[in-house]
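# Working through the structure, step by step
One letter stands for each residue in the lines below.
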Amino acid sequence: MYMDNSDDQEDLFQEIVCQLWKSYESFRNESQFSTWMYRVAVNTAIVFLKKEKRKVDRYEIASENVKEDEGDSHIKESQLDHFYKAVQKLEKIDKAIIFYQLEGFSHKEIGDNLGISEGNARVKLNRAKEKLKEIIKKQGYGF
């Protein structure tokens, strides 16, 4: 979700694995291992994004090279295209919250992973969804 290009996704994956390896000693068993692992991964992705100032929207370049299909698959592709473009315009914390939601995390788990309360996670998720709707509408893709 954080990277549009498959090469960038692989780079980010390698960076996440490296950070997990480096920070394993800091795991204190205060939460589940998977919770700690997701938190390291999201934080690494956010830092990686800060380092990588993209001048070219690689997603648009990649989508121009995709052969368009007809029918329902084309409609679904179009919907996903609009969705991912909209997600890329969100702030980093909102991207993380949407990511956790898509992964099926509860509000409590989202809060635990981001170091915020469950109620705050719920509010931030609702606000991120509203921002996402507005961005999608501005892109010209109506609901």
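Worth saying up front: this structure is predicted, and the values here are computed from it rather than measured.

Another point: helix H6 (residues 107-114). Burial in H6 covers these residues: Ile110, Gly111, Asn113 and Leu114. The buried residues of H6 occupy an angular sector of 165° when projected down its axis, which confines them to one face. One or two steps after H6, the chain reaches Gly115, where phi turns positive at roughly 75°.

All told, the structure shown has ten aromatic pairs when counted by the stated rule. Their ring planes at 50° and their centres at 6.5 Å tell us that Tyr38 and Phe99 sit as a pair that is tilted. Linking Tyr38 in helix H2 (residues 33-51) with Phe99 in helix H5 (residues 92-102), this pair joins segments that are 61 residues apart in sequence. Between Phe99 and Tyr100, the ring centres sit 5.8 Å apart and the planes meet at 50°, which makes this aromatic pair tilted. Each member of the pair, Phe99 as well as Tyr100, carries the same accessibility label: buried. Taken together, the ring pairs in this structure connect Tyr24, Phe27, Phe33 and Trp36 into an aromatic cluster.

This part is about the environment of Asn126. Relative to the helices and strands, Asn126 resides in helix H7 (residues 118-138). In the structure, Asn126 is positioned 28 residues away from Ile98 in sequence and 9.7 Å away in space, judged by C-alpha atoms.

A grouping of Tyr24, Phe33 and Met37 is seen on the molecular surface, where their side chains present a nonpolar patch of about 300 Å² in accessible area. Looking at where Met37 falls in the secondary structure, it is placed in helix H2.

Mean pLDDT over the chain works out to 77, with 78% of the residues at or above the 70 mark. Confidence, expressed as mean pLDDT per element, reaches its minimum in the chain at helix H3 (residues 58-64) with 49 and its maximum at H7 with 90. Counted against residues more than four places away or in other chains, residues 53-62, with its pLDDT under 50, gives 13 contacts.

A separate point is the pattern of salt bridges. Where charged atoms from two side chains of opposite charge approach closely, those side chains can pair. Under the counting rule described, the total for this entry stands at five salt bridges. With a shortest N-O distance of 2.9 Å, Asp94 and Lys131 are connected by a salt bridge. Of this pair, Asp94 sits in helix H5 while Lys131 sits in helix H7; the two residues are 37 residues apart in sequence, bridging distant segments of the chain. With a relative accessible area of 36%, Lys131 lands in the partly exposed category.

This paragraph deals with unusual backbone geometry. In this model, Asn29 sits at a positive phi of 60°, which is unusual for a non-glycine residue. In this structure, Asn29 sits in the loop between helix H1 (6-23) and H2.

This part takes up the nonpolar core. With 20 residues, the main nonpolar core has Val42, Ile98, Tyr100, Ile110, Leu114 and Leu132 as its most contacted residues. Put simply, the parts of the chain that give this core at least two residues each are H2, helix H4 (72-88), H5, H6 and H7. No other element matches the six residues that H7 contributes to this core. The next biggest cluster of nonpolar side chains, apart from the first, holds nine residues, and it includes Leu12, Phe27, Trp36 and Ala45.

This part takes up the packing of H5 against H6. At a minimum axis separation of 10 Å, H5 and H6 run at an interaxial angle of 140°. Classified by the angle between their axes, H5 and H6 sit oblique to one another. Relative to H6, H5 is oriented so that their crossing is right-handed. Across the interface between the two elements, Ile93, Ala96, Ile97, Tyr100 and Gln101 from H5 touch Ile110, Asn113 and Leu114 from H6. Here the residues of the contact of H5 with H6 are counted per class, giving six nonpolar, two polar and no charged.

Reading guide: rules and limits
Residues numbered from 1 in each chain as written. Predicted model: local features only at pLDDT ≥ 70, side-chain atom pairs only at ≥ 80, totals over all residues. Heavy atoms only, no water. Buried < 20%, exposed > 50% of the residue type's maximum accessible area, 1.4 Å probe, protein only. Helix = DSSP H or I, 4+ residues; strand = E, 2+ residues; numbered from the N terminus. Arc of directions from axis to C-beta. Phe/Tyr/Trp six-rings, centres within 6.5 Å; stacked < 30°, edge-to-face > 60°. Patch = residues over 30% accessible without salt bridge, like charges linked within 9 Å, V, L, I, M, F, W, Y side chains within 5 Å. Areas by Shrake-Rupley, 256 points an atom, 1.4 Å probe, with all protein chains shown as cover. Salt bridge = Lys/Arg side-chain N within 4 Å of Asp/Glu carboxyl O. pLDDT = per-residue confidence, 0-100. Contact = heavy atoms within 4.5 Å. Core = buried A, V, L, I, M, F, W, Y, C linked by side-chain atoms within 4.5 Å. Axes fitted to C-alpha atoms, helices over the stretch in contact; angles between N-to-C directions. Parallel < 35°, antiparallel > 145°, perpendicular 65-115°, else oblique. Left-handed = near helix turned anticlockwise from the far one by under 90°. Nonpolar A, V, L, I, M, F, W, Y, C, P; charged D, E, K, R; others polar.

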